[in-house]
Each structure stands twice: as C-alpha cells, then as structure tokens.
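Now for the letters of each chain:
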Amino acid sequence: MPVYIGSLGRMVKLPYVGSQQVQAEERYNFSSTLEGKRKAQVKPKGPRTWALSADHFRPNEHSLLSQFANGAWGPGPFIFVSADALVSNMLTPEAASCHPDSNSAVWVSGNGPVELPEVGWVPRSFMGNGTEPILFGSDYTPVRRGVRYSVSAFVFGEGSAVRANFYDANGSLVGGQTSTVTGNNSGFVRSHISIVPGAGVAGVIVSAVNAAITACPQISEGPGSPLPWSDGQGCAKAVVHGVSRDQVLAVYGHTFSNVSFTVSEVG
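Quick caveat: nothing in here was measured; it's all calculated off a predicted structure.

> Explain the sheet that holds strand 19 (residues 213-221) to me, and be specific about the residues and the numbers.
Pairing is antiparallel in the open sheet, where five strands are placed in the order 8-11-19-14-17. Since the sheet does not close on itself, it has two edges, and those belong to strand 8 (109-110) and strand 17 (189-195), each with one partner. Bridge analysis of strand 14 (residues 149-156) against strand 17 gives seven bridges, and the strand direction is antiparallel. The partner of A153 across the bridge, within strand 17, is S191.

Put into structure tokens, the structure is as follows:
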C-alpha cells in the first residue's frame, strides 16, 4: 500500500506500508452535574492520527520518510495521501460531506439532507443559483501526471455536471474538464468523468457547474466507472513524527529496517 507525503507538485511516494491504523480524536468532552446527569460538549472537529508501519525498508526507502520527520522539508504542514484514500475518496472529509465551512461563496448555501440514488439519505448538500460553480472545498487534491482518476458528484438541475479544475504547483488554474454526464430537474444524477492529468498539472479542485443542488463529491485513482461513494479520506495539513527503526539486517547491499511512524492532522 503506497502513501504520499509532500506539497503540491512535490509529493513523495513511500514504496509501501504494511499496516495503517487511523483514529479520530474524540469530538465530545463529557462532564457530570451534581444531579448525576452527563453533559457533552461538542468540538467542531476531531483531527485524525495515522499510525503506520512497514517491514524491511531499505536505507534509501526509510530516508525518504526521515527527511520529513527531521525537518529537511521544513516544519510543514504537508499534504498526506493515505493508502485507502487513493481507492476510496481523496477529498477531505469536509469537502466530501459538503460541510458549510468548505464553501463560503455568497451564492452557495447549505441545503440539508437529500436522498440520492445508490447512496440513500445523506445529511448535507449544497444549494447554488444554477449558474455559478459550486466548489467542494478550496484544498487541492494532489494528482500525478499520466495517472487516471475518476471524479464524480451527485447533481440536480438542467445541464448540471461535475467538473475537475486543474492547477499547477503554484496553485494557478491551468485548465479543466467537465463531464458529459449531465443532470436534469427530474432527480439527482451521478455526474462522473475520467481524467488523466497532463504535464504541469499538480492538483485538482472538484466543482459542480449549472447545479441547483449537489452532494457527495468524490475523486479516486483508477479507470472505469466511479467507485461507490465514501466519505473523504484526504488530509490537506499534517505533520510526520514519532519515526522509529528496528534494524533487521545490516550487511553491504542487504540492509533492512522495520519502520513505524505517525502522521497527525493539524490545522
């Protein structure tokens, strides 16, 4: 299972990880009253932490990781693409769930729950004016040149469609591609498109165009039809720490270590 760490246009691939465990921080702070009632205070977000490990890393392989932990790339934060994000949903949880904080455009408002084909009821959606684009977040999803990705979103409205906007390593818009699978006013349609980023494209922001209502965007690696929708596993800001190595063999040309490290979401 490969994972990627870095910045837009400079994503570093770790060859593989053998184990990946993710845990979200508790969103509730509990307290008890004198009457014995339990109260729960809700925090807006539960940052995630990934515990990863890999066996038999060669020196050149664990050095890729150590450069992040030792500050060679600076203090961060970095974009992190987990192993499962590539084959589920590379968008952040906020973008994938249409969280109100992920789009502040004046023509976009929260629309509440909607029932979608293939998915069922989902708690949040966006409502637009049917003319201006609805962006699913402002964080760039890193993509690789020549790799095929599937991009999709559920849309409602005549001529509505999902669009992938392409950006270079500096965050400048360099093009885009719009799906030919369009929606209408009769019900939700899953508009989808297959893209292969070309030279100079480092990131993608997913949007819906001509949509009155839209929900459940997704981007993942792989050819063909889009995968069943899942919540976002992308991480736009993270730091690498807690790197440890267990030396297995140290012989010229055959030096291996078992490595474990932690990636913590910040911001």
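> Please set out the nonpolar core residue by residue, giving values where relevant.
If you look at the biggest cluster of nonpolar residues, it comprises 30 residues, and the most contacted ones within it are F136, V151, I195, V204 and I219. Contributions of two or more residues to this core are made by helix 2 (93-96), strand 14, strand 15 (161-167), strand 17 and strand 18 (203-209). In terms of residues, this core owes the most to one element, strand 14, which gives four residues. Not counting the four nearest positions on each side in its chain, V204 is found in contact with D139, Y140, T141, V143, A164, N165, F166, I195 and I219. Judged by nonpolar contacts, the second largest core, of 20 residues, contains A54, L65, A238 and V240.

> A description of the packing of aromatic side chains should follow, citing residues and the corresponding values.
Scanning all chains against the criterion turns up eight aromatic pairs. Plain terms: the ring middles of W50 and F80 are 5.0 Å apart, the flat faces sit at 65° to each other, and that makes the pair edge-to-face. Placement of the pair is W50 in strand 6 (residues 48-57) and F80 in strand 7 (residues 78-81), with a sequence separation of 30 residues. Measuring from ring centre to ring centre gives 5.0 Å for F68 and F78, while their planes differ by 85°; the resulting arrangement is edge-to-face. Of this pair, F68 sits in helix 1 (residues 59-69) while F78 is found in strand 7, placing the two residues 10 residues apart along the sequence. A residue is classified by how much of its surface remains accessible, and F68, at 5% relative accessible area, is buried. On the basis of relative accessibility, which here comes to 8%, the residue F78 falls in the buried class.

Scoring rules and cut-offs
- Positions within a chain are numbered from 1, following the residues in the order the chain's sequence is written.
- A pLDDT threshold of at least 70 governs which residues receive local features in this predicted model, and a stricter bar of 80 or more applies before side-chain atom pairs are shown or counted, although totals over entire chains, interfaces and linings include all residues.
- To obtain the side-chain values, all non-hydrogen atoms of the structure were included, while hydrogens and water were left out.
- We treat two strands as partners when DSSP finds at least two bridges between them.
- Strands here are runs of E lasting at least two residues and helices are runs of H or I lasting at least four, both read from the DSSP assignment and numbered beginning at the N terminus.
- Residues belong to a common nonpolar core when they are buried Ala, Val, Leu, Ile, Met, Phe, Trp, Tyr or Cys residues joined through side-chain atoms within 4.5 Å.
- Residue burial is assigned from relative accessible area. The probe radius is 1.4 Å, only protein chains are included, and a residue is buried under 20% of its type maximum, exposed over 50%, and partly exposed in between.
- Contacts between residues were defined by any pair of non-hydrogen atoms, one from each residue, lying within 4.5 Å.
- Note on aromatic contacts: the rings of Phe and Tyr and the six-membered ring of Trp form a pair at centre separations within 6.5 Å, being stacked when their planes are under 30 degrees apart, edge-to-face when over 60 apart, and tilted otherwise.

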